[in-house]
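Structural description and commentary
Residue-level listing of the chains:
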Amino acid sequence: MSNSLEIKDLNVSIGERQILKNFSLTVPKGEVHAIMGPNGTGKSTLAKALAGHEDYAVTSGSALLDGEEIIGQEPDAIARAGLFMAFQYPSEIPGVSIANFIRAALVARQPKGAPFDAKAYYAELYKKMDALKMDRKFTARSVNEGFSGGEKKRCEILQMMMLQPKYAIMDETDSGLDIDALRIVADGVNAMRGPDIGIVVITHYQRLLDYIVPDKVHVMYDGRIVHSGDKNLALELEAKGYDWVKKELAA
Amino acid sequence: MPTEILSPDTFAAQQNASPLAALKKAGWEQFQQLPVPQRTNERWRFSNLNHVKLEGFSLPPAPAKEIQQELLQRSALIEKVSGKIVFADGHLLGEVSLAPELHAQGVILETLSAAAEKHPALLEQYLLKSGTDLGGEKFLALHQAYLKTGYFLHVPKGVEISAPIAVYNWLAADGAAVFPHALVVAEENARVNVVDFYLSRDESAKGFAAAAADIHAAPGAGVFRKVVQNWNEQTQSYQIDNTHAENNSTVTTVSVNLGAKRARFENAIRLNGSGSNVRLYGLTVADQDQEFDQRTLQIHNAPDSYSDLLYKNALLDRARTIFSGLIRVAPGAQKTDAYQTNRNLLLSPDAEANSLPGLEIEANDVKCSHGATTGQLDTSELFYMQARGIPKETAYELLVFGFFEEIIEKVDNEELAGVLRTFVQEKFKRRSAKNLLG
């Protein structure tokens, strides 16, 4: 299927330890999928492996982004192919301003040597910042340096809006956020939602899904998806807890 | 005519009836008596003394007319200035310029030789009074002996210089020795802004520079000095700076070190007045076989004084850096706030960064800290940038320039910051980013 992110039988190890075990999932454009699961089950590994992090060794399997294999590509090539990962813990980049950072990311998407329309860029950047209620002064600040948890997440959403990816993976974007920050993230995702993007929301808690209503919910356990359902699955999980999944699997 | 700087005949030949003659003679005599630095000298610890060579340098004649024209034209790195002086090979090129309104307010900007004639009392008060405790006394003595092409900037009470005075010091002839001097005096509540450039006409001429600076900030004065050292990599560079900060004065210095084969920089500040506030920033980019040797001293002689030092070094190839910094708090200098930070970014497995931070505290109610870090680029930062589509080489450059930016922005002058970014980029352009990544 060329209009989807199609992950098939993905096996991923960190060092000697296998984390993802024949993981498969297809996210069509236009849908929002939530992946839930207990800690240590491989949710973040999935995000990092898809983004091409060198510490995560893909031993077999594939991930097709609109038909294009991204496994084995460099992280920057994967990003330019259209995959965006919102980090659980975004890095601080001292000395690199947000404006220059996003600009470099956009320039990397242009044909080599093509002129960059700085005026249009700033107009767009300010528009998005206003929508996210970010002070315009942030453009001159170093990326994430000294930001609060909520500001970092807002900065992730800003980048996502500016880079217009085909698929986005939100890696526990809600962790450590208060309810206001949670709303900002959710509003950002909801604003991005549409027929041109597929979104995967990885979360440990159901509460984010009060604000982002997913089309599908998947339960992940021991490196693969063990349950899939609609948004009601999240409520069921919330009521029964993850032990329910573990018991069911053991049976 | 002998021209070797080590020859007594050379020294004698350049002596004249200047009021500086006695000072110069004393310098020459000290130079003769002082030993060359020895390996056992703690103040030269980690320095590669094989690189210290005084032989083979001379006092060249003034450059040919067309070279003078060329250098005058090139002495325009920043346009918005309130005064300018250009020296080449120890000779003044063209004329000293100073904004008429500053001249009208009594600001003095002269060559040292001219100032010695016109303002002997001021020179007697401020010129070369401090010596150095940091090990370079022989070089300072040689500087004193050949004192000529420095400048004297004197800002009277309450007068403010906002756009910088730009001073260009060029090395041009092969084997030239130069002895630039900066004498900057800001009287009470005056404000002064000055930038010194150390530059070479080409990449191949061998050169020797023994520079020195005397900076005086009177009560309430503000001094902002920037030094851009970008000699070619055939040059030996010595810089010995002394700063005196009186009551409630503010001194900020930014030193950018890019050039020379071997550069030693001794920077001593004396906080003599309570409420004085000194900030010292340094940025060094070392590549190939360059060695940068930095020795600093923050002396707190008065209570309620504040000093903060941040020296950042980036090392490539087989380059070496040495940072040796000492905070000294005199008895009675209570409520001192003094900080010292040295950050080294190792961009090559063969580079070597040495760090010797130190504290000597003789007062009991102070806040002092020192710290040194040496590390490589953060791989999680690189991944983060790549995950946004930025190619690894570009991400690497952005991170390295980000490391510099913290210091570059301290010059607080967009034109000058632009010049510095260009200099640093030129230095990086010599290699492909792929090589950098190893």
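This one's a predicted model, so the numbers in the text were calculated from it and none came from an experiment. (Residues numbered from 1 in each chain as written. Chains lettered and ligands numbered in written order. Predicted model: local features only at pLDDT ≥ 70, side-chain atom pairs only at ≥ 80, totals over all residues. Heavy atoms only, no water.)

1. What to know about unusual backbone geometry
Of note in the backbone geometry, Gln164(A) takes a positive phi value of approximately 45° without being a glycine. As for its position among the elements, Gln164(A) is in the loop between α5 (149–163) and β9 (167–171). Given a relative accessible area of 52%, Gln164(A) falls into the exposed group. Of note, Gln288(B) is a non-glycine position whose phi angle comes to about 45°, a positive value. As for its position among the elements, Gln288(B) is in the loop between β14 (277–286) and β15 (291–300). (Helix = DSSP H or I, 4+ residues; strand = E, 2+ residues; numbered from the N terminus. Buried < 20%, exposed > 50% of the residue type's maximum accessible area, 1.4 Å probe, protein only.)

2. With respect to the sheet that holds strand β12 (residues 224–229) of chain A
Residue and element names in this part refer to chain A. Taken in spatial order, the six strands line up as β6-β9-β10-β3-β11-β12 in an open sheet, and their pairing is mixed. Two strands lie at the open edges of the sheet, namely β6 (83–86) and β12, each paired on one side alone. Sheet twist, expressed as the mean angle between neighbouring strand axes with direction ignored, is 20°. Across the sheet, helix α7 (residues 231–240) touches β3 (32–36), β11 (216–221) and β12, and the angle it forms with β11 is around 45°. (Pairing = 2+ DSSP bridges. Axes fitted to C-alpha atoms, helices over the stretch in contact; angles between N-to-C directions. Contact = heavy atoms within 4.5 Å.)

3. Let's talk about the layout of surface pockets
Its boundaries defined by the atoms lining it, the largest pocket holds a volume of some 1,400 Å³. Contributing to the lining of the largest pocket are 47 residues, with Val96(A), Glu397(B), Leu398(B), Leu399(B) and Gly402(B) lying nearest its centre. At the level of secondary structure, the elements contributing two or more residues to the lining of the largest pocket comprise β7 (93–97) and α3 (98–107) of chain A together with β18 (337–346), β20 (367–375), α9 (392–408) and α10 (414–429) of chain B. It is α9(B) that contributes the most residues to the lining of the largest pocket, 11 residues altogether. (1 Å grid on protein atoms, 1.4 Å probe; cavity = no way out; pocket = protein on both sides within 12 Å on 5 of 7 lines; lining within 4 Å. Points joined across faces, edges and corners; volume = space filled by probe spheres on them.)

4. Some words on the sheet that holds strand β2 (residues 17–28) of chain A
All names here are of chain A. The strand order across the open sheet formed by four strands is β2-β1-β4-β5, and the pairing between neighbours is antiparallel. Two strands bound the open sheet, and with one partner strand each, they are β2 and β5 (68–69). Here strand β4 (residues 57–65) runs beside β5; their pairing, made up of two bridges, is antiparallel. Considered in β5, the bridge of Leu65 is made with Glu68. Packing against the sheet, helix α1 (residues 43–51) makes contact with β1 (4–14), β2 and β4, and its axis sits at approximately 105° to β1.

5. Describing the interface of chain A and chain B
Each side of the interface is counted separately: chain A has 30 residues, and chain B has 17 residues. For Glu156(A), the salt bridge is made with Arg388(B), and the minimal N-O distance between the two is 2.7 Å. Our count for the contact surface shared by chain A and chain B stands at 10 residue pairs in polar contact (both at pLDDT 80 or more). When residues of the side of chain A that touches chain B are traced back to their parent elements, those giving at least two are α1, α2 (75–81), β6, β7, α3 and α5 of chain A. (Salt bridge = Lys/Arg side-chain N within 4 Å of Asp/Glu carboxyl O. Polar contact = N/O pair within 3.5 Å; in protein donor to acceptor, adjacent residues only side chain to side chain.)

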